[in-house]
Protein chains: 2
Amino acid sequence: MGKVIADQSISLDGLSAGPNVRVGNPLGDGGQRLHEWMYRDGDGTNRGAEVRDELFRTSGAVVMGRRMFDLGVEPWGNNPPFHMPVFVVTHDASDPLAKEGGTTYTFVTGGIESALARAKAAAGDKDVAVLGGANTIRQFIAAGLLDELRIHLAHVLLGDGTRLFDHLSPEQVNLESTRVVDAPGATHLTFRILR
Amino acid sequence: MGKVIADQSISLDGLSAGPNVRVGNPLGDGGQRLHEWMYRDGDGTNRGAEVRDELFRTSGAVVMGRRMFDLGVEPWGNNPPFHMPVFVVTHDASDPLAKEGGTTYTFVTGGIESALARAKAAAGDKDVAVLGGANTIRQFIAAGLLDELRIHLAHVLLGDGTRLFDHLSPEQVNLESTRVVDAPGATHLTFRILR
């Protein structure tokens, strides 16, 4: 049985996106700086790319919120980077959408528990990656459905935007650090969520 | 010539204190969790205590804001933990206050530049530690007066309180990570501030 892992890049001021998020500006103003660590080389290595790819190697399915899908479906294009089944939590039923390279978007209307059950069945022994957005990750945390939280702490400030941890009561989140990877532009923190 | 170093513990959600900060509740509700890392042992080591003591070893003077002084002077007591000159940025002139163990509180009314000049003169070749609060650290960042920012990222959420990085424009803060120390309960991040 795999783990359920939420994965998110945030700024030092705790933001997972800049202001003015909309279709065409999916990370908000300045938000692309949250992801620059993925493309920066260190001394002959690319720790960032290793960290970025690791989750996709161990995961067999993805869960995301409808808003993240709406913002991402266009930029991700005809051969999305997931290469596995993606379950989209939504209020609006629609037919599955198959893309090239193994990605199929399936729309699940029964809430996060229902999407997670579908994702676990699809993932088999592999992990389930909960990729966002912030609101969906918060729902998973509040419902006690996450095993692990991976934070890519980008060494930037955004000043304003979406706060990953807003509206969570601190008592809901009891974290144990299990790994820290320092890489150019970001520090990668892995937490086990204690229940 | 020493460095000017700001040092602050924050939560994963970017807070340097909980809500309801006042005399008698200097870290705000739940805020003592930001400092628990100082007292936690690892496997036979106490990395937290080493990190906590390091700044005081290399520093020859402290700068703090008046509010931090007002909140702290009582709990710090007759033998405060600084053991060096402390320059308090304030609007109200008062006579210096000498305590046991080498700590003297000197009240400086000329703003942060003036307090820093006094602290540098007192520190000689050693560093100057800017210990807070958040508002004072932000003033130092905005004025381009800091060489280094040390963040003790406690592995907790506070939910609400004082945001260390509020009201800073992101363009004012260009950070280069120079050291990461992982210790029980917190990840210690050192940034050089690029100008």
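What you see is a predicted model, and the numbers here were worked out from it, not measured in a lab.

1. Topic: helix α4 (residues 134-142) of chain B
All names here are of chain B.
1) Next: Those residues of α4 that sit buried are A134, T136, I137, R138, F140 and I141.
2) Next: On its buried face, α4 sits against β1 (4-11), β2 (15-17), β3 (59-65), α3 (111-123), β7 (127-132) and β9 (162-163).
3) Next: Remark: G144 follows α4 within two positions and exhibits a positive phi of approximately 70 degrees.

2. What about helix α3 (residues 111-123) of chain A?
Residues and elements named next belong to chain A.
1) Next: An ideal rise of 1.5 Å per residue puts 18 Å on 13 residues; α3 measures up with 18 Å between its terminal C-alpha atoms.
2) Next: Taken together, the buried positions of α3 are occupied by I112, A115, L116, A119 and A123. Each buried residue of α3 lies within a common arc of 100 degrees when the element is viewed along its axis, so the set occupies one face.

3. Some thoughts on the relation of the copies chain B and chain A
1) Next: Placing chain B over chain A gives an RMSD of 0.0 Å and needs a rotation angle of 180 degrees, together with 0.0 Å of translation along the axis. Between the two chains, the operation in question is that of a two-fold axis. Looking at the rotation axis and the C-alpha trace of chain B, the residue lying nearest is G14(B), at 2.8 Å.
2) Next: When the interface residues of chain B are mapped onto chain A, 100% of them are again interface residues, pointing to one common binding face.

4. Remarks on the interface of chain B and chain A
1) Next: Taken together, the contact between chain B and chain A spans 22 residues of the former and 22 residues of the latter.
2) Next: Summed over both partners, the interface of chain B with chain A buries about 2,000 Å², with 70% contributed by carbon and sulfur atoms.
3) Next: Across the chain B-chain A interface, the total number found is two salt bridges.
4) Next: The salt bridge partner of D166(B) is R163(A), with a shortest N-O separation of 3.8 Å.
5) Next: Between chain B and chain A we count zero residue pairs in polar contact (both at pLDDT 80 or more) in total.
6) Next: For the side of chain B that touches chain A, the secondary-structure elements that each account for two or more residues are β10 (174-183) and β11 (186-194) of chain B.
7) Next: Class assignment for the residues of the side of chain B that touches chain A results in 13 nonpolar, four polar and five charged.

5. Quick look at the pattern of salt bridges
1) Next: Tallied over the full model, the rule gives 14 salt bridges over all chains.
2) Next: The closest approach of N and O atoms between D53(B) and R52(B), which form a salt bridge, is 3.1 Å.
3) Next: According to the relative accessible area criterion, D53(B) is partly exposed, its value standing at 33%.
4) Next: What makes R52(B) partly exposed here is its relative accessible area of 28%.
5) Next: What you see here is one network of salt bridges that share partners, running through K3(A), E148(A) and R150(A).

6. Side note on the side chain of T190(B)
All names here are of chain B.
1) Next: With respect to the helices and strands, the residue T190 is situated in strand β11.
2) Next: By relative accessible area, T190 is classed as buried at 7%.
3) Next: Beyond its immediate sequence surroundings of up to four residues, T190 is in contact with E148, L149, R150, E176, S177, T178 and R179.

7. Some thoughts on the nonpolar core
Across soluble globular proteins, nonpolar side chains show a tendency to be buried alongside one another.
1) Next: Of all hydrophobic cores here, the largest spans 66 residues; its most connected members are I151(A), F165(A), I151(B) and F165(B).
2) Next: For I151(B), the residues in contact, after removing those within four places along its chain, are Q8(B), I10(B), L164(B), F165(B), T187(B), H188(B), L189(B) and F191(B).

8. Comments concerning the sheet that holds strand β3 (residues 59-65) of chain A
All names here are of chain A.
1) Next: The strand order across the open sheet formed by nine strands is β5-β6-β4-β3-β7-β1-β8-β11-β10, and the pairing between neighbours is mixed. The sheet terminates laterally at β5 (97-98) and β10 (174-183), the two strands that pair on one side only.
2) Next: Along the sheet, α3 makes contact with β1 (4-11), β3, β4 (85-89), β6 (104-108) and β7 (127-132), crossing β4 at roughly 175 degrees.

9. Here we look at the packing of aromatic side chains
All names here are of chain A.
1) Next: Under the definition given, this model contains eight aromatic pairs over all chains.
2) Next: Taking the centre distance of 5.0 Å and the plane angle of 85 degrees together, the rings of F69 and F107 count as edge-to-face. Taken together, the residues F69 in helix α2 (residues 66-76) and F107 in strand β6 connect sequence positions 38 residues apart.
3) Next: Their ring planes at 80 degrees and their centres at 4.9 Å tell us that W76 and F82 sit as a pair that is edge-to-face.
4) Next: Taking relative accessible area as the criterion, W76 reaches 21% and is therefore assigned partly exposed.
5) Next: Cluster of aromatic residues (ring-pair linked, three or more members): F56, W76 and F82.

What counts, and where the lines are drawn
- Residues numbered from 1 in each chain as written.
- Chains lettered and ligands numbered in written order.
- Predicted model: local features only at pLDDT ≥ 70, side-chain atom pairs only at ≥ 80, totals over all residues.
- Heavy atoms only, no water.
- Buried < 20%, exposed > 50% of the residue type's maximum accessible area, 1.4 Å probe, protein only.
- Helix = DSSP H or I, 4+ residues; strand = E, 2+ residues; numbered from the N terminus.
- Contact = heavy atoms within 4.5 Å.
- Expected span 1.5 Å × (residues − 1).
- Arc of directions from axis to C-beta.
- Least-squares fit on C-alpha atoms with pLDDT ≥ 70 in both.
- Buried area = accessible area lost by both parts, 1.4 Å probe.
- Salt bridge = Lys/Arg side-chain N within 4 Å of Asp/Glu carboxyl O.
- Polar contact = N/O pair within 3.5 Å; in protein donor to acceptor, adjacent residues only side chain to side chain.
- Nonpolar A, V, L, I, M, F, W, Y, C, P; charged D, E, K, R; others polar.
- Core = buried A, V, L, I, M, F, W, Y, C linked by side-chain atoms within 4.5 Å.
- Pairing = 2+ DSSP bridges.
- Axes fitted to C-alpha atoms, helices over the stretch in contact; angles between N-to-C directions.
- Phe/Tyr/Trp six-rings, centres within 6.5 Å; stacked < 30°, edge-to-face > 60°.

The quantities given are spatial measurements derived from coordinates; they are silent on function.
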